[in-house]
Structure formats: C-alpha cells, structure tokens
Amino acid sequence: MRALEPAHAAALCAGAVALLLADGRNRAAARSRLALAGSGAVQTPSRWSWRRPGLMARVGREWWCLPLAVLLAVVGGSLLPLVAGAVAVPLVRRRLRGRAEARARDRRADEVIALCGAVVAELRAGLQPGQALMHAAGAGRALGAAEPAVVAAVRFGGDVPAALRDAAGEPGAEGLAGVAACWSVAVDGGAGLAAGLDRLEAALRAEREQEEDLRAQLAGARSTVALLALLPVAVLGIGTAVGADPLRVLLHTPAGLLCLLVGAALETAGICWAARIVRGTRKGQS
C-alpha cells in the first residue's frame, strides 16, 4: 500500500491539471464559435455532455468530491479528508449551479439576438409584424415560458409589448424589452419596425461581443488563480513521490494540523481575494 502512494499522488495531480487545461480549451473554443457565428444563436454544447451518458446524468458532478475524499482518507489514514469532502459537496454544487445559470443566460441572450434578426428577415420578406414574430418565435427559444402569452397576444389582438416586457423579466432575455419598445413605436407612431429591430440587434450583438471580449481578457487571470490554487496539491504529490509522506505529517501531528488549517485559511482567502479583484475589474469595464 505504501508503494502505491506516489502513484496516487501523481494521478491526482495529473487529473487536476488535465481538467484545468480542458476547461481552458473549451472556453477558447466557445469564444471562437461566438466570434465566427456572425448572426443567429450560438449553440454551445455542454463540456461534460459526452462524459455523462448514464450515472453522471443522474448524479451531480459535485459528488465526485466524496470518492476523492475517500481516496485521500485511505492514503492518509485519517477521517479529516472525509469531513472536508462532505463540506465541499454543497460548495461545489453552488458553484456549478452558478456556472450553469450563467451559461443559460448567455444562451438566452443569443436567442434574443437571433429573434431580432429573424423578425427583420421575415418583415423584409413581406410578412406582417405579428406573423413575422410568430414565425421567428417558433424557430427559437428566445421567449421561453412566455411564448404562449406572446403568441396569444399577437393572434387575438392583445397587448404584445406588455407580453414582451413580461418575457424580458427572465434572466438573459432583457433584450426583449427593446423589442417591446420597437413594437410600441411601430404601432403607435407608424415607424418602421424592421429598421428599429435591425438597430436593436446590432446594439445587442455589440454588447455581447464586448462581454465576450472582457471574458477573454479575464481568462488569463482566472487560469492563474486556478493554477495557484492547485500548487498545494502539486506540492503534496511531489512530497509523497520523494517519500516525505506529507499527508502523515499534516493529518497526524499537531504541528501538521496547525499548518493545514492555516494553509487552508490562507488558500481560501487568496482565492476569494483574487475572485473579488476579477469581479471588480469586470464591473468597472462593463
């Protein structure tokens, strides 16, 4: 069992680095798809969809903290990794849920941009505004759960701008408020709906490109933070590989436990500080 500890540590380090590099490559690929999309919604496949055919489709990724904690508990001969793994599960779940919500908002924003372009194309093809909106809405998911209300308002002469403003209340669909404003101006003032939606599409697309450019600029900082967070894991792996047995020192000696607590606190503080700097930079440039 002792002879297998270096292999375990090396496997843990290699797996962490591989996941980080894969995340960077997939983010770069997503930015490239958005830049080359031109018009229409960008369909970004889930990074983990091909890895979750059965069990992973039913069990969240946050539960992988427990097998890792069990492995560390067996290697280190302590129950502390199990406690840390149990604490990490809700934290990782919250982080993953936040990332999923952000991706859903981005997809919804892309769908709204595509809706504007589709309505403009249908109007210029000779359709009436209501018909153009229904055709464009049926081809995408920009209206979300509010689509039946919007379609009913169009068909039965209801308040279409009000229905669009209600749909704009969902995350990522804020651009529908602009569609509602264009619709109101076109109905009340006789202005060209196609011209207004064309300008709105250009403005929304420019905003999305600015946001993606900012994310690309911050990707390097985030990768640096992730690498710094993985350095203690790499150090533990190297120490185990050379036979120093750092897990025994950290988990079974008073000085090691003190160093572990202080190091974990400093690591958490550093990650939170770096994340706050990144968020502040993003808010300042948005």
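Bear in mind the structure is a predicted one, so any value in this text is a computation, not a measurement.

K.L.:
Where do I start with helix H7 (residues 160-167) in this structure?
P.N.:
When we look at burial in H7, the residues that qualify are Val160, Pro161, Ala163, Leu164 and Ala167. Along the axis of H7, the buried positions cluster into a sector of 160 degrees, meaning they face one direction only. Where H7 begins, one side-chain oxygen reaches toward the backbone nitrogen of Ala162, 3.3 Å away; that side chain belongs to Asp159.

K.L.:
Even after reading the chapter, I still don't get empty space enclosed by the protein, so can you show me in this structure?
P.N.:
The gaps of empty space that remain are located by a probe, the size of a water molecule, rolled over the atoms. Tallied over the full model, the rule gives two cavities of 30 Å³ or more. Its boundaries defined by the atoms lining it, the second largest cavity holds a volume of some 30 Å³. Taken together, Leu115, Cys116, Val119, Leu133, Val179, Trp183 and Leu197 make up the lining of the second largest cavity. Listed by contribution, the elements that provide at least two residues to the lining of the second largest cavity are helix H4 (80-124) and helix H8 (176-189). Ranked by residue count, the leading element in the lining of the second largest cavity is H4, at three residues. When its residues are assigned to classes, the lining of the second largest cavity shows seven nonpolar, no polar and no charged.

K.L.:
Quick question: what am I supposed to make of the packing of H4 against helix H9 (residues 193-241) here?
P.N.:
Think of two packed helices as two axes; the pair is described by the angle between the axes and how far apart they sit. Taken N-terminus to C-terminus, the directions of H4 and H9 make an angle of 155 degrees; their axes are 9 Å apart at the nearest point. The orientation of H4 with respect to H9, classified from their angle, is roughly antiparallel. Along this stretch, H4 crosses H9, giving a crossing that reads as left-handed. Residue-level inspection shows Asp106, Ala109, Asp110, Val112, Ile113, Cys116, Gly117, Val119, Val120, Leu123 and Arg124 of H4 in contact with H9, the latter providing Leu193, Ala194, Leu197, Asp198, Leu200, Glu201, Leu204, Arg205, Arg208, Glu211 and Arg215. Within the contact of H4 with H9, the residues separate by chemical class into 12 nonpolar, one polar and nine charged.

K.L.:
Help me understand the nonpolar core in this model?
P.N.:
The tendency in soluble globular proteins is for nonpolar side chains to be buried side by side. Residues Leu115, Val119, Leu133, Leu176 and Leu197 are the most contacted members of the largest nonpolar core, which totals 34 residues. Contributions of two or more residues to this core are made by H4, helix H5 (129-139), helix H6 (147-155), H7, H8 and H9. By residue number, the principal contributor to this core is H4, which donates seven residues. Sequence-distant contacts of Val119, that is, excluding residues within four places in its chain, are made with Ala132, Leu133, Ala136 and Leu197.

Rules and cut-offs
Residues numbered from 1 in each chain as written. Predicted model: local features only at pLDDT ≥ 70, side-chain atom pairs only at ≥ 80, totals over all residues. Heavy atoms only, no water. Buried < 20%, exposed > 50% of the residue type's maximum accessible area, 1.4 Å probe, protein only. Helix = DSSP H or I, 4+ residues; strand = E, 2+ residues; numbered from the N terminus. Arc of directions from axis to C-beta. Polar contact = N/O pair within 3.5 Å; in protein donor to acceptor, adjacent residues only side chain to side chain. 1 Å grid on protein atoms, 1.4 Å probe; cavity = no way out; pocket = protein on both sides within 12 Å on 5 of 7 lines; lining within 4 Å. Points joined across faces, edges and corners; volume = space filled by probe spheres on them. Nonpolar A, V, L, I, M, F, W, Y, C, P; charged D, E, K, R; others polar. Axes fitted to C-alpha atoms, helices over the stretch in contact; angles between N-to-C directions. Parallel < 35°, antiparallel > 145°, perpendicular 65-115°, else oblique. Left-handed = near helix turned anticlockwise from the far one by under 90°. Contact = heavy atoms within 4.5 Å. Core = buried A, V, L, I, M, F, W, Y, C linked by side-chain atoms within 4.5 Å.

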